[in-house]
Structures are given as structure tokens and as C-alpha cells.
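An overview of the molecular structure
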Amino acid sequence: MKLGIIGTNWITAQFVAAAQASGAYTLSAVYSRRAETAEAFIAKTAPAVAYTDLAAFLASDLDVVYIASPNSLHAAQTLQAVAAGKHVIVEKPMVASLDELAAIQDALAAHPGVMVFEAARHVHDPNFAVIRDWVATHDIAGADLRYAKYSSRYDAYLAGENPNIFSPRFAGGALMDLGVYLVYAAVAWFGVPESAQYLPHKLANGIDGSGTARLQYPGFDVTLTAGKTFNSLAPSEIYSGRETLSFDSPGELNRVALVGEQERELTVAKAANPMADEAADFAAIITRDDRQAAADLMALATKVHRVMAQLRQSGGIDFTNNAE
Ligand SMILES: NC(=O)c1ccc[n+]([C@@H]2O[C@H](COP(=O)([O-])OP(=O)(O)OC[C@H]3O[C@@H](n4cnc5c(N)ncnc54)[C@H](OP(=O)(O)O)[C@@H]3O)[C@@H](O)[C@H]2O)c1
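Here's what I pulled together on the structure shown here. (Residues numbered from 1 in each chain as written. Predicted model: local features only at pLDDT ≥ 70, side-chain atom pairs only at ≥ 80, totals over all residues. Heavy atoms only, no water.)

**Description of the site of the ligand**
In the vicinity of the ligand, 22 residues are found, and the nearest of them are Thr8, Ser32, Asn71, Arg153 and Asn164. Here an oxygen atom of the ligand and a side-chain polar atom of Asn71 are 2.7 Å apart. Contact distances for the ligand include 2.8 Å between an oxygen atom and a backbone N or O atom of Lys92. Isolated, the ligand exposes 900 Å² of accessible area, and the fraction of that covered by the protein chains is 83%. Sorting the residues of the shell around the ligand by element identifies helix H1 (10-22) and helix H8 (174-190) as the ones contributing at least two each. By residue class, the composition of the shell around the ligand is seven nonpolar, nine polar and six charged. (Near = heavy atom within 4 Å. Polar contact = N/O pair within 3.5 Å; in protein donor to acceptor, adjacent residues only side chain to side chain. Areas by Shrake-Rupley, 256 points an atom, 1.4 Å probe, with all protein chains shown as cover. Helix = DSSP H or I, 4+ residues; strand = E, 2+ residues; numbered from the N terminus. Nonpolar A, V, L, I, M, F, W, Y, C, P; charged D, E, K, R; others polar.)

**Some details on the sheet that holds strand S3 (residues 49-51)**
Hydrogen bonds between backbone groups are what pair the strands of a sheet, and the pairing can be parallel or antiparallel. If you trace the six strands from one edge of the open sheet to the other, you get S3-S2-S1-S4-S5-S6, paired in parallel fashion. Each edge of the sheet is formed by a strand with only one pairing partner; in this case those strands are S3 and strand S6 (116-119). Direction aside, the axes of adjacent strands within the sheet are offset by 20 degrees on average. Both strand S2 (residues 26-31) and S3 contribute to a ladder of three bridges, which runs parallel. Paired with Tyr31 across the two strands is Tyr51, which belongs to S3. (Pairing = 2+ DSSP bridges. Axes fitted to C-alpha atoms, helices over the stretch in contact; angles between N-to-C directions.)

**Quick word on the packing of helix H6 (residues 126-136) against H8**
In the contact formed by H6 and H8, the axes pass within 9 Å of each other and the chain directions differ by 40 degrees. Judged by the inter-axis angle, H6 sits oblique to H8. Handedness of the crossing formed by H6 with H8: right-handed. Within the contact between the two elements, H6 uses Phe128, Ile131, Arg132 and Val135 and H8 uses Tyr184, Ala185, Ala188, Trp189 and Phe190. Tallied by class, the residues present in the contact of H6 with H8 amount to eight nonpolar, no polar and one charged. (Parallel < 35°, antiparallel > 145°, perpendicular 65-115°, else oblique. Left-handed = near helix turned anticlockwise from the far one by under 90°. Contact = heavy atoms within 4.5 Å.)

**Section: unusual backbone geometry**
At the junction of Lys92 and Pro93, the peptide bond is cis and its omega measures out at -15 degrees in the coordinates. In this structure, Pro93 sits in the loop between strand S5 (87-91) and helix H5 (98-110). For Leu253, which is not glycine, the phi torsion reads 55 degrees and is therefore positive. Following the sequence through the fold, Leu253 ends up in the loop between strand S12 (243-247) and strand S13 (256-259). Judged by relative accessible area, Leu253 falls into the buried class, the value being 0%. (Buried < 20%, exposed > 50% of the residue type's maximum accessible area, 1.4 Å probe, protein only.)

**So, the pattern of salt bridges**
Inspection of the entire model under this criterion finds 12 salt bridges. One salt bridge connects Asp177 with Lys92, and the closest N-O pair in it is separated by 3.1 Å. Taken as a pair, Asp177 in helix H8 and Lys92 in the loop between S5 and H5 lie far apart in primary sequence, 85 residues in all. The closest approach of N and O atoms between Asp289 and Arg291, which form a salt bridge, is 3.1 Å. For Arg291, a relative accessible area of 44% puts it in the partly exposed group. Through salt bridges with shared partners, one network takes in Lys92, Asp177 and Lys228. (Salt bridge = Lys/Arg side-chain N within 4 Å of Asp/Glu carboxyl O.)

Purely geometric numbers; function is a separate question.
Structure representation (C-alpha cells):
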């Protein structure tokens, strides 16, 4: 498949490397706001045509677009790509509101041959399935899921700059950036919660630098801790009676083990590039025209974004007046 990319930061280079390693994609088109940026990206990755006009980029012969722009641009760019008949792999979070999600679903209904995937890379990690299978065979008493990493862009924020990921205008913040990994994990492993509340710690500009969410399930609670202003080295845990499943973070999944009374290593070996599994899965689904698999992933994304909307609402986070 011919791959086009939107956004030229390191994450796009990592996705292109994963895509090429899968053998299923060839980079063909690079969109950037500036020609020099597109040319520099091409020089360090693979030969491709540079575009600064999004419509011309989407009119090229590419088959699938990978979108890694700031969060508030995801939905509009996805809609443009779908209208141009291109498959889309859009970075998390795919949308910043339920209206944006509805618009994407309407567009897909109007273009049934097109597939849209949210790049929730951890869902495709083999260790994600290890945890899912353990949860499915145990009575769950609760879970604490954590993803908190000090962001280099927090230094920029503190220095008075306005980095996109700390900006309301670009739908940034801890919940949108890292919390979404936790919500994906909770919904995929435990299902849709009965209620979801978010207690953000907001920075002066209104962005949540960190926060804690409580998801209530019948018989147990799941707490989520997301942060971009500190590093958490504490493990994530899932509890079942005397057994405790421990792992680093749902967003990383480098180590999964039973701890406590019963110790057992459960980690499965995985690719070095954390985007390798999703790149291969999306290619297989598109190539097989496996609409059921695409619909299943969209159904999971839909559940996730409904919970994300509840969390934003309960935490007083609303991007709808900030988006471009
Ligand atoms: N899956 C993962 O592990 C992972 C990791 C990191 C990030 N991400 C996701 O990837 C996306 C991009 O994150 P990032 O940190 O790379 O974001 P970013 O640096 O703020 O922006 C990404 C790209 O978007 C373009 N861009 C920047 N500012 C823009 C603006 N004001 N208007 C229009 N385009 C603009 C730039 O490309 P040009 O200059 O070429 O136009 C830039 O390279 C986010 O949605 C994030 O959640 C995912």
C-alpha cells in the first residue's frame, strides 16, 4: 500500500519505520505545512513526494494516510481523507468530542469502502492480550492503571511557551495524551464502566497536567492516574482475590507478571518498534478487506471516546470552543 503521512515529528518517523518493516507499506507522499520540513523528513526516511497542499496530497495515488498532527486537527483531517476515499490511521486521541466522532462515523457510512483506525498502539501489543485473557478468567476485585511521564514540553510550558500538547487550543493535556491509553485498557479489559469521573490537576492555562479518574464497575472500581508533569515508576496492578497482576503501564507493557504469593513471569516477547504490531494489523485488515475487524476496532474506539467524553465533562474540560 502507498502510505501518505501528515505530521513530521519523531512519532511519524517511528510509524514509517514500523510500516516499512512490515513489508506492507511504501512511503509515497509527505504532507507538511512547509516544503523544507517535508523534504527533510523524506531525506531521513524514504523517497516520496512532498506536499504543502492537503487537497493535492489527498488527491495523489496514496492508499492510506497516517495522521500525527496535533489532537484538535485529527477529526477534520480524517474527514478530508475519507472524503478523498483514503483509508486512515489516525493517532490517539482520534477525536476531541463526540460530535467529531459522529461526523467520522457518518463519513464512513457514506464511504463504505474506506476504513478508519485509531492508532491505539498498545491494543495491538501481544502483552495487551495476555492481560485481557487473564482478566477474562478471573473475578476482578479492582485495578490501578497508571501512565505518567514528565514531558520535555512541560519544561517549555514552564518557560512560558505554549507547546501544542499543553494547549487547550490543540486539545492537549494528560487525559487526552496519556489517559486515553488507560481508558482503552479499562474498556477493553473490563468493559464500559457504570460511571466515570475525572479529577484533573489543572495548570494555569486550564490544561490538566495530571489527574486521577475513577471508573465504577459492578463489584469493583478501577482508578486511572495520568500525568505529564511527573514520572510515576509505580506499577499498574489488577487484583483478583489473592492474586495480583502487575505491569509497568498499559501504554508501555514491557513487563507483565503475577506478583505476591504467586510469582510468575507472563511477559511475551515483542517487536522493538512499539508501532510494529499496529502497523501490521492495520495492513492485514485493509488487505483482507476485513470490514468486521475494522468495525470491531471502531466499536472499541466508540466506547472509549464515550468514556473520554464523560471524563472530560466531569473534569470540566471542554475543547469545543478552542478548536481551530
Ligand atoms: N502513539 C504514540 O506513541 C505517540 C507518541 C507521540 C505522539 N503521538 C500522537 O501523535 C500526534 C502528534 O504528536 P506530536 O507530539 O508529534 O505533536 P506536535 O509536535 O505538536 O505536532 C505534530 C506535527 O503536526 C504539525 N503541526 C504542529 N503544529 C501545528 C499547527 N499549529 N497546525 C498544524 N499542524 C501543526 C507539524 O508537522 P509539520 O510542521 O510538518 O506541518 C508537527 O510535526 C498526537 O496526536 C499525539 O497524541 C502518539
